Amino acid sequence: GARIGRACNIGEGCYVEGGAVIGHGVTVKNGVAVWDRVTIEDNVFLGPYAVFTNDRIPRSHPDFRTGPAGWEPTLVRTGATIGANATIVCGVTLGRWCFVGAGAVVVRDVADFMMVAGNPARAIGWACMCGRRLPDDYRCSCGKGFRLNGGVLAEA
């Protein structure tokens, strides 16, 4: 029941559960598990041992199990990067081209191009599509330029 797109690179020891969706050109490094209700769009990078969840209140006892009806979806938008050992708690959306630092624990949505780190993950800046952190003028050394308008970063 899982769907995996073209030209993906899926490393050793990965698990993709039925109901998971992985787009085209996605890199899934070693040890990543992509659970039911997790959708990964195109050209996303999932670092080694990045972790997804799909149940906010996990319990094993049959009287208290949430079950599939209560699992929350997670969406990782096109071009996003998730660093090694980051944890993505279910129910969030990671925006286009965002950058989640290694070891971060993401409990809230991450905006397009936003760079986050820490536990819980907090904004530390903005990321270019090439992956570099943007300077204060939002002009990347790769040549791309951006503008910030009302807290939303967009290509100039």
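Structure's up top.
Summary of the structure given here. Remember, it's a predicted structure, so these values are computed and weren't measured experimentally. (Residues numbered from 1 in each chain as written. Predicted model: local features only at pLDDT ≥ 70, side-chain atom pairs only at ≥ 80, totals over all residues. Heavy atoms only, no water.)

### Some thoughts on the overall build of the chain
- When helices and strands are counted, the chain shows 0 helices and 19 strands.
- C-alpha extents for the chain along the principal axes are approximately 55 × 30 × 20 Å.
- Per-residue burial over the chain gives 36% buried out of 156 residues.
- Of the contacts made within the chain by residues no fewer than 6 positions apart, 20% connect residues no fewer than 24 positions apart.
- A distance of 4 Å separates the average location of the 16 positive side-chain charges in the chain from that of its 13 negative side-chain charges. (Helix = DSSP H or I, 4+ residues; strand = E, 2+ residues; numbered from the N terminus. Buried < 20%, exposed > 50% of the residue type's maximum accessible area, 1.4 Å probe, protein only. Contact = heavy atoms within 4.5 Å. Lys, Arg positive; Asp, Glu negative; His and termini not counted. Charge placed at Lys NZ, Arg CZ, Asp CG, Glu CD.)

### Examining the pairing of strand β16 (residues 114-117)
- Inspection of the sheet shows strand β14 (residues 99-100) paired to β16 by 2 bridges, in the parallel sense. Following the sheet pairing, F99 is matched in β16 by M115.
- Hairpin connection, β16 to strand β17 (residues 122-126): the antiparallel pair is bridged by 4 residues, and G118 has positive phi, about 100 degrees. (Pairing = 2+ DSSP bridges.)

### Overview of the nonpolar core
- Counting 34 residues, the largest nonpolar core has I40, L46, F52, I82, L94, V100 and V106 as its most contacted members.
- Taken together, the elements giving at least two residues each to this core come down to β7 (38-40) and β16.
- V106 has contacts with T87, I88, V89, V92, L94, V100, V116 and A121, leaving out every residue within four places of it along the chain. (Core = buried A, V, L, I, M, F, W, Y, C linked by side-chain atoms within 4.5 Å.)

### Digging into the pattern of salt bridges
- Applying the stated criterion across every chain yields a total of 3 salt bridges.
- Across the pair R77 and E41 runs a salt bridge whose closest N-O atoms are separated by 2.9 Å. Residue R77 is found in the loop between β10 (74-76) and β11 (81-82), and its partner E41 is found in the loop between β7 and β8 (45-46); the two are separated by 36 residues along the sequence.
- Here R77 falls in the partly exposed class, since its relative accessible area comes to 29%.
- A salt bridge links R96 to D112, with the nearest nitrogen and oxygen atoms 3.2 Å apart. You can see R96 sitting in the loop between β13 (93-94) and β14 and its partner D112 sitting in the loop between β15 (105-106) and β16, a full 16 residues away along the chain.
- A relative accessible area of 30% places R96 in the partly exposed class. (Salt bridge = Lys/Arg side-chain N within 4 Å of Asp/Glu carboxyl O.)

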